[in-house]
Each structure stands twice: as structure tokens, then as C-alpha cells.
Amino acid sequence: MIRFIMLQNRQGKTRLAKYYIPLEESEKHKVEYEVHRLVVNRDPKFTNFVEFRTHKVIYRRYAGLFFSICVDITDNELAYLECIHLFVEILDHFFSNVCELDLVFNFHKVYLILDEFILAGELQETSKKAIVERMGELEKQEL
């Protein structure tokens, strides 16, 4: 199960955080700080999987953003690494060459995309085509 998904820049500013477990606000800030310290200082030669408390953090860096997912220790790391890549591909398709500012100014759309393929901490949809089609339908409804 996914505990949380987080997007942070190199300076540690959290651009998106979605928690699938209940945490106090102070604990959320502490987790964000710890995860940032964990992934930003890590040598690129090492794997993208890090033990974090009693869980695992799978992360990937795209340009200046770190995409991090915290999962159970027994979950498949490669599946979640692919999940991160799928998320980035969908963002890239939706925003046509996504950048950090797209995430800041269109955060509601980013959360909508995230909700399309992760539901209650579990991967719901893994088809890029299905997610993009669904997002297109939702965009038509807004107009």
C-alpha cells in the first residue's frame, strides 16, 4: 500500500503531497523534511529505493523535481518506479512538456490526475491511454 506520494524540488519545497494514511500536520512536515534529506543527498549511483522508518521510499528525479512514494516494505519497488514514470508521462502529455510551475499553478489538475490512477493508496489504473482519455472527458465537462 502507498503511504504517501510527494513531489519536492531540490531546495526541499514540497510541490505536491498526498497522504493515504492519517498524520498530524506537524508529523507531515517532519516526514517531508526527512524524505527530502534522504533523497536529495543520495548519490545517483545508488538505487532509487531507500528504507524509511518501517517502510520504503521509492524516488526518481526528473529535472529539478524529486518524485517520492512511500510504500510497505514488502511491496515491489520496480512496480512503483514504473508508477512514478507513468505519472510523469501523463503530466508531460497533459501539460505538454511539464515544468515545476505547471504543478504549482495547476495543482488541482495534478491532484485530479493522481486520483485517476491511485485510489486509497493502491494503484487503480496503469494504462496511460485510459487515464489520458478520462482526463480529456473531464476537461470537456469543465467547458
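Residues numbered from 1 in each chain as written. Predicted model: local features only at pLDDT ≥ 70, side-chain atom pairs only at ≥ 80, totals over all residues. Heavy atoms only, no water.

In the annotation of an unreviewed UniProt entry, the entry for the chain reads AP complex subunit sigma, and the organism field reads Tetracentron sinense. Database annotation for the chain, UniProt heading Sequence similarities (unreviewed entry): "Belongs to the adaptor complexes small subunit family." (UniProt positions renumbered as here; feature names shortened; annotations may be inferred.)

(A) Quick look at the pairing of strand 3 (residues 49-52). Residues of strand 3 alternate between two faces, with Val50 and Phe52 buried on one and Phe49 and Glu51 left unburied on the opposite face. Bridge count between strand 3 and strand 4 (residues 55-62): 4 bridges; the pairing is antiparallel. Residue Glu51 lies in a different strand from strand 4, and its bridge partner there is Lys56. (Buried < 20%, exposed > 50% of the residue type's maximum accessible area, 1.4 Å probe, protein only. Helix = DSSP H or I, 4+ residues; strand = E, 2+ residues; numbered from the N terminus. Pairing = 2+ DSSP bridges.)

(B) View of the pattern of salt bridges. All told, the structure shown has 9 salt bridges when counted by the stated rule. Residues Arg53 and Glu34 are paired through a salt bridge, measuring 3.1 Å at the closest nitrogen-oxygen approach. Taken together, the residues Arg53 in the loop between strand 3 and strand 4 and Glu34 in helix 1 (residues 25-40) connect sequence positions 19 residues apart. Look at Arg53 and you get partly exposed, because its relative accessible area is 45%. A network of salt bridges, in which partner residues are shared, links Glu27, Glu34 and Arg53. (Salt bridge = Lys/Arg side-chain N within 4 Å of Asp/Glu carboxyl O.)

(C) Up close: the UniProt feature "domain: AP complex mu/sigma subunit" (unreviewed entry) in the chain. Mapped onto the present numbering, the UniProt feature "domain: AP complex mu/sigma subunit" (unreviewed entry) falls on residues 1-141. As annotated, residues 1-141 comprises 47% helix and 27% strand, and the C-alpha atoms at either end are separated by 32 Å.

(D) Quick look at the packing of helix 4 (residues 107-117) against helix 5 (residues 128-142). Running from N to C, helix 4 and helix 5 point in directions that differ by 135°, and their axes come no closer than 10 Å. Comparing their axes, helix 5 and helix 4 come out oblique. Here helix 4 runs over helix 5; the crossing is right-handed. The residues of helix 5 that touch helix 4, namely those facing Lys109, Leu112, Ile113, Glu116 and Phe117, are Ile131, Arg134, Met135, Leu138 and Glu139. (Axes fitted to C-alpha atoms, helices over the stretch in contact; angles between N-to-C directions. Parallel < 35°, antiparallel > 145°, perpendicular 65-115°, else oblique. Left-handed = near helix turned anticlockwise from the far one by under 90°. Contact = heavy atoms within 4.5 Å.)

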